[in-house]
Amino acid sequence: MVLLTNEEQKMLDGKLGEAVQQSMEILYALAKIYNAEKFISVSSAQIAGVSYKTIGDAGLEYLEDLVNKKAKVKIPSFLNPAGMDRLQWKEMKIPEDFAKNQLKILEAYISMGIKSTCTCTPYFIGIIPKLKEHIAWSESSAVSFANSVLGARTNREGGPSALAAAICGITPYYGLHLDENRISNLVIKVESELKTSNDFGAMGYALGSKIKGKIPSFKQINHASHDNLKSLGAAMAATGSVPLYYVENITPEFILGDSPEEIAFEQKELNEIKEKLNSDSTPELIAIGCPHASLDEIKKVAELVKNKKLKCELWICTSSEIKEKSKEFEKIINQAGGKIIADTCMVVCPIEEIGYKITGVNSGKAAKYLPGFNKQKIVFGDLEKLIKNAT
Ligand code: F3S
């Protein structure tokens, strides 16, 4: 049985309006499915289901219905990437109809009080939940980073349940909100040399499907940067729905159970997966920033393309806040023929409709989704190599 406070009962009974009731019904149903005993307050919500490519007309109708019912969010809430850059969609060659519907989706979210920040790396723009803080985030790489690198507590919410949590300010207390479900049962000794975020993403890609359902703890990657970890977590989440991992000497928590299983990740496996993911073609588009690029990554791209001319399109996907801070690098990237694209990414925007068929990526997560979701042939490699081959 789910225990409800008086306020929660009022929400469920419709005493606080139709939109709150509809949202509370979603949360209550989830609480029953997952045997949650109660609800817990959350300090922020990150809402996926923003791109018109992923939610379509049905999603837009759902949001407009909530707006008509006067839905308003109760806690700081922000969005996952949309299907296009709000300002540069024409330069991206996004079809007009798509753009019209995408803008309606954004309008609907904004009118509910949600910040128009569209990013899967909110932690790069100051949205940094503290250790043990309960949140309701939905994009899988953001969930992984928040749980693992920041030590916050979140399940992987669906778009509608994150929105419901934003409107009600609570989420069912189950899964990764409970300390007893955050114990690692698998140690991974990394015996391969990981130099770049591409290596970390490739390892995450290879391990994800292998360790499905387990919470891994990594040893021997003390040198991993935040960019490396976002790449690792995103890839493991993409191939194995892994929402939490630990890294010895890096993550704020490292909680091992009794006698965990131990495996090694060897150089041979890293080389094999990198080879398998790379089609060895010539990319028409190089897309960097999955998850959304940090300022450091943009700086690195600028250094690589300085005084060169690109032979193919180059997009660096990031939030509009990071783009704003990258002005000096953007100039260099633009001069080489590349673009910094904000609010969207290569996966949730309709790149196949724009006409691209072969995309170069350094991200394990993008390598997982682009072939199926966007019908792309993949050129997989580290940033330096991708740019070198394209200049
Ligand atoms: Fe982010 Fe898009 Fe990759 S939402 S994690 S950049 S697929």
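Data block above holds the structure.
Presented here is a report on the structure given in the accompanying data block. (Residues numbered from 1 in each chain as written. Predicted model: local features only at pLDDT ≥ 70, side-chain atom pairs only at ≥ 80, totals over all residues. Heavy atoms only, no water.)

## Details of the overall build of the protein
Argument step 1. The helix and strand tally for the protein stands at 15 helices and 15 strands.
Argument step 2. On C-alpha atoms alone, the protein measures out to a radius of gyration of 21 Å, which is about the 21 Å that the 2.2 N^0.38 rule sets for 391 residues.
Argument step 3. Across its three principal axes, the protein shows a C-alpha extent of roughly 65 × 55 × 35 Å.
Argument step 4. By residue count, 58% of the 391 residues in the protein fall in the buried class.
Argument step 5. Of the roughly 16,400 Å² that the protein leaves accessible, carbon and sulfur atoms contribute 50%. (Helix = DSSP H or I, 4+ residues; strand = E, 2+ residues; numbered from the N terminus. Rg over C-alpha atoms; globule rule 2.2 N^0.38 Å. Buried < 20%, exposed > 50% of the residue type's maximum accessible area, 1.4 Å probe, protein only. Areas by Shrake-Rupley, 256 points an atom, 1.4 Å probe, with all protein chains shown as cover.)

## Examining the nonpolar core
Argument step 1. Among the nonpolar cores identified, the biggest contains 128 residues, and F218, L314 and W315 are the most heavily contacted of them.
Argument step 2. Not counting the four nearest positions on each side in its chain, L314 is found in contact with L285, I286, I288, V301, V305, I333, G338, K339 and I387. (Core = buried A, V, L, I, M, F, W, Y, C linked by side-chain atoms within 4.5 Å. Contact = heavy atoms within 4.5 Å.)

## Description of unusual backbone geometry
Argument step 1. The residue after C290, namely P291, is reached through a cis peptide bond having omega -10 degrees.
Argument step 2. With respect to the helices and strands, the residue P291 is situated in the loop between strand 11 (285-288) and helix 10 (295-305).
Argument step 3. Despite not being glycine, S241 shows a phi value in the positive range, around 50 degrees.
Argument step 4. Take S241: it is sitting in the loop between helix 8 (226-240) and strand 9 (246-247).

## Observations concerning the pairing of strand 11
Along any regular strand the residues' side chains alternate between the sheet's two faces.
Argument step 1. Alternating positions in strand 11 separate into two faces, L285 and A287 on one and I286 and I288 on the other, with burial throughout.
Argument step 2. Where strand 11 meets strand 12 (residues 313-318), 4 bridges bridge the pair, whose relative direction is parallel. Its bridge partner lying in strand 12, I288 is registered against I316.
Argument step 3. Between the parallel pair strand 11 and strand 12, the chain is carried across by helix 10, and the sense of this crossover is right-handed. (Pairing = 2+ DSSP bridges. Right-handed = clockwise from strand over helix to strand, strands pointing away.)

## Looking at the sheet that holds strand 3 (residues 77-79)
Argument step 1. The 4 strands are arranged 4-3-2-5 in an open sheet whose pairing can be described as parallel. In this open sheet, the two strands that pair with only one neighbour each are strand 4 (115-118) and strand 5 (136-137).
Argument step 2. Sheet analysis places strand 2 (residues 45-47) next to strand 5, joined by 2 bridges and oriented parallel. Paired with A45 across the strands is A136, a residue of strand 5.
Argument step 3. In this fold helix 6 (residues 159-168) packs onto strand 2, strand 3 and strand 5, with an angle of close to 145 degrees to the strand it touches most, strand 2. (Axes fitted to C-alpha atoms, helices over the stretch in contact; angles between N-to-C directions.)

## Brief notes about the packing of helix 10 against helix 12 (residues 327-336)
Argument step 1. One way to put it is that helix 10 packs onto helix 12 with a least axis distance of 9 Å and a crossing angle of 40 degrees. Between helix 10 and helix 12, the angle is such that the two are oblique. Remark: the crossing between helix 10 and helix 12 carries left-handed chirality. Residues L295, I298, K299, V301, A302 and V305 of helix 10 form the contact with helix 12, whose own contacting residues are F329, I332, I333 and A336.
Argument step 2. Classifying every residue of the contact of helix 10 with helix 12 by side-chain character gives 9 nonpolar, no polar and 1 charged. (Parallel < 35°, antiparallel > 145°, perpendicular 65-115°, else oblique. Left-handed = near helix turned anticlockwise from the far one by under 90°. Nonpolar A, V, L, I, M, F, W, Y, C, P; charged D, E, K, R; others polar.)

## Notes on the pattern of salt bridges
Argument step 1. Scanning the entire structure with this criterion turns up 19 salt bridges.
Argument step 2. Here R182 makes a salt bridge to E253, at a shortest N to O gap of 4.0 Å. One end of the pair, R182, is in the loop between strand 6 (170-172) and strand 7 (184-190); the other, E253, is in the loop between strand 9 and strand 10 (256-265), and 71 residues separate them in sequence.
Argument step 3. The class of E253 is buried, set by a relative accessible area of 10%.
Argument step 4. Between E313 and K339 there is a salt bridge whose closest N-O contact spans 3.3 Å. With E313 in strand 12 and K339 in strand 13 (residues 339-342), the pair connects residues that are 26 residues apart, well separated along the chain.
Argument step 5. Of the residues examined, K339 reaches a relative accessible area of 18% and is grouped as buried. (Salt bridge = Lys/Arg side-chain N within 4 Å of Asp/Glu carboxyl O.)

## A few points about the packing of aromatic side chains
Argument step 1. A complete count under the given rule lists 8 aromatic pairs for this structure.
Argument step 2. Seen in terms of ring centroids, Y52 and F98 are 5.5 Å apart; in terms of plane orientation they differ by 75 degrees. Their pairing is edge-to-face. Of this pair, Y52 sits in helix 3 (residues 52-68) while F98 sits in helix 4 (residues 96-111), and the two are 46 residues apart along the sequence.
Argument step 3. These aromatic residues form a ring-pair network of at least three members: Y123, F124 and F145.
Argument step 4. One Lys or Arg, K53, reaches over the ring of F373 and ends 4.6 Å from the middle of that ring. (Phe/Tyr/Trp six-rings, centres within 6.5 Å; stacked < 30°, edge-to-face > 60°. Lys NZ or Arg CZ within 6 Å of the ring centre and 35° of its normal.)

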